[in-house]
Amino acid sequence: MRLLVTGGAGFIGANFVHQTVAVRPDVHVTVLDKLTYAGNRASLDPIVDRIEFVHGDIADTALVDRLVGGVDAVVHFAAESHNDNSLADPWPFVQTNIVGTYSLLQAVRHHEVRYHHISTDEVYGDLDLDDGRFSEHTAYNPSSPYSASKASSDMLVRAWVRSFGVRATLSNCSNNYGPYQHVEKFIPRQITNLIDGIRPRLYGTGHQVRDWIHVDDHNSAVWKILERGRIGQTYLIGADGERDNKSVIGLILESFGRPADDYDHVTDRPGHDLRYAIDSTLLRTELGWEPKYPDFREGLAATIGWYRENESWWRPQKAATENAYSAAGEKVL
Ligand code: NAD
Ligand code: DAU
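Residues numbered from 1 in each chain as written. Chains lettered and ligands numbered in written order. Predicted model: local features only at pLDDT ≥ 70, side-chain atom pairs only at ≥ 80, totals over all residues.

Structural notes on unusual backbone geometry
Look at Leu-35: it is not a glycine, yet its phi comes out positive at around 55°. Along the chain, Leu-35 turns up in the loop between β2 (28-33) and β3 (52-55). Positive phi, normally seen in glycine, also occurs at Tyr-180, with a value near 65°. (Helix = DSSP H or I, 4+ residues; strand = E, 2+ residues; numbered from the N terminus.)

Some thoughts on the nonpolar core
Val-5, Val-68, Val-74 and Val-108 are the most contacted members of the largest nonpolar core, which has 74 residues in total. Here this core spans two domains, since at least three of its residues come from each of domain 1 (2-177 + 213-237) and domain 2 (186-209 + 244-276 + 298-327). With residues up to four places along the chain from it excluded, the contact list for Val-5 reads Gly-13, Phe-16, Val-17, Val-29, Val-31, Val-75 and Phe-77. (Core = buried A, V, L, I, M, F, W, Y, C linked by C-beta atoms within 7 Å. Buried ≥ 20, exposed ≤ 12 C-beta atoms within 10 Å, placed from the backbone. Domains from an automatic or database assignment. Contact = placed C-beta atoms within 7 Å.)

Things to note about the pairing of strand β1 (residues 2-6)
In terms of burial, β1 is largely enclosed, as 4 of its 5 residues are buried. By the bridge criterion, 5 bridges tie β1 to β2 in an arrangement that is parallel. In the strand pairing of β2, Leu-3 is matched with Val-29. Read from β1 through helix α1 (residues 11-23) to β2, the crossover connection turns out right-handed. The pairing of β1 with strand β4 (residues 73-76) spans 4 bridges and is classified as parallel. (Pairing = 2+ DSSP bridges. Right-handed = clockwise from strand over helix to strand, strands pointing away.)

A few points about the site of ligand 2
The full set close to ligand 2 counts 19 residues, and Ser-81, Thr-120, Lys-185, Phe-186 and Tyr-203 are the nearest of them. Of all the secondary structure elements, the ones that give two or more residues to the shell around ligand 2 are α6 (186-195) and β8 (201-203). Top element by residues in the shell around ligand 2 is β8. It accounts for 3 residues. Taken together, the residues of the shell around ligand 2 sort by class into 4 nonpolar, 8 polar and 7 charged. When we break the shell around ligand 2 down by domain, the ones giving at least three residues each are domain 1 (2-177 + 213-237) and domain 2 (186-209 + 244-276 + 298-327). (Near = placed C-beta within 6 Å. Nonpolar A, V, L, I, M, F, W, Y, C, P; charged D, E, K, R; others polar.)

A few points about the UniProt feature "domain: NAD(P)-binding" (unreviewed entry) in the protein chain
Residues annotated by UniProt as "domain: NAD(P)-binding" (unreviewed entry) correspond here to residues 4-300. Split by type, residues 4-300 is 39% helix and 17% strand. Its first and last C-alpha atoms lie 30 Å apart. (UniProt positions renumbered as here; feature names shortened; annotations may be inferred.)

This is the structure:
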């Protein structure tokens, strides 16, 4: 199989390429990545000889059409992915997440290539603490420019399936953690702050709940859907990993031997979603998927170990990331 992976130098895409090369040596992987601030070629260093890397933009229709013409399937991870950035400047989110997805859809339509679309549980908005969980039937209700742009891209995919017969599947996953995640994101930010002797930074009350899943479990689900998913179907991916932000910071502090309250409250995120939670029954019953890393404490400890051992990977981004948070007005309360 010849596979085009967009965003393969980003967090989840790079882990997907690593997993694919390790578990499916028969698959020929081409990565298409623009190498924005969030893309890092070094994430692919250990497997650089096993893949083809193309530096380019998913919104470049001529490039995308040529690459898609040479493969059997596309897995589309590339995106602007950070909510805080989408509040500071929504335009790149519209351009990459919506226009970029349009460009890929036109190419897979033209070449009749199988397409899998990676999306997020944030398209459903947020839940109250005592609500049930998101399912494939939950109505879209995005809150931020990021989640609205992802919701828009999902709608394009659904329309291209129905109107043009594109062979696409979609998945909407909850919050991922693991190696190679950019230091702007919640868990790596706190780990690398602690390595640098800075107190972790909690937005608002910290009662917000995220449904954590190990990135390798997300990616094994993507493979199941790519191989056995029903065309046109959306599958929700989640591993029953609900935790509030305050308790996640507590676990990180514990592993650094620090008291659970040794953090700072900082300015809250405008429009901050309260809770995400996934019901992944369809994926489990129809496709037989199960997470391999259900123990969040264990996965978090391994992730902390990875950041301790791979400082050369994250160090170049750390100062610029913290400066951007300060420039955006983040203040210790
Ligand atoms: P990331 O920001 O770490 O990586 C995104 C990658 O896309 C980077 O390598 C970047 O260079 C590349 N990219 C950005 N714009 C591009 C463009 N115009 N053309 C080509 N490449 C471009 O993101 P991530 O966290 O790995 O997320 C990957 C996908 O998974 C996204 O679609 C995101 O919405 C989705 N998702 C993420 C999570 C999560 O917890 N991180 C959860 C569910 C879904
Ligand atoms: O749910 C899936 C989504 O998860 C993905 O679609 C997004 O691409 C991904 O970035 C993630 O979105 P979140 O906004 O939930 O992730 P983030 O890591 O930015 O924040 C997680 C929670 O932690 C959120 O409630 C905000 C809070 N937070 C974040 C940072 C960076 C803090 O309390 N302190 C921080 O320093």
